[in-house]
Amino acid sequence: MRTYVGHQQAVSTEDFVELALGTPVELWLGVEGESEMERAARMDAARDILADNPSLPDDVSRVAAEAIEAFAPELFNVVPLTAPKAARRQPRRNGVAA
């Protein structure tokens with residue numbers, strides 16, 4: 001099965017995420033071994049993108065939920081838990097014994 005985001009084919013999971021976000025995943029997650037200067041530049045770029053696109057976090061959450069629903073629907077099959085039954089207690093009598 002082929003997956004498309006817009007008019008572009010996503011060949012891998014990384015492609016899908018990058019196309020859905022509109023930015024490379026590494027921008028948000030970083031890369032192993034990056035220097036403090038590289039990290040600071042990456043964080044500045046991320047802040048600029050978030051300032052220009054304030055709905056991006058909500059969009060990312062929606063895309064992630066849609067992907068989970070499409071590829072792992074059983075994760076959304078929520079079954080309510082029943083509360084454990086409280087131990088039966090004898091009614092308390094507040095009177096004075098005769």
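For the structure itself, look to the data block above.
Because the structure is predicted, anything quoted here is derived from the model rather than measured.

**Focus: the pattern of salt bridges**
- Scanning the model with the defined rule gives four salt bridges in all.
- Its salt-bridge partner being E34, residue R42 comes within 2.8 Å of it at the nearest N-O pair.
- A relative accessible area of 12% means that R42 is categorised as buried.
- A salt bridge links R62 to D59; the nearest nitrogen and oxygen atoms lie 4.0 Å apart. One end of the pair, R62, and the other, D59, are both in helix α4 (residues 56-71), three residues apart, so they sit about a helical turn from each other.
- Take R62: its relative accessible area is 42%, and that puts it in the partly exposed class.
- Since its relative accessible area comes to 30%, D59 is described here as partly exposed.
- In this structure, a network of salt bridges that share partners links the residues D59, R62 and E66.

Rules and cut-offs
- Residues numbered from 1 in each chain as written.
- Predicted model: local features only at pLDDT ≥ 70, side-chain atom pairs only at ≥ 80, totals over all residues.
- Heavy atoms only, no water.
- Salt bridge = Lys/Arg side-chain N within 4 Å of Asp/Glu carboxyl O.
- Buried < 20%, exposed > 50% of the residue type's maximum accessible area, 1.4 Å probe, protein only.
- Helix = DSSP H or I, 4+ residues; strand = E, 2+ residues; numbered from the N terminus.

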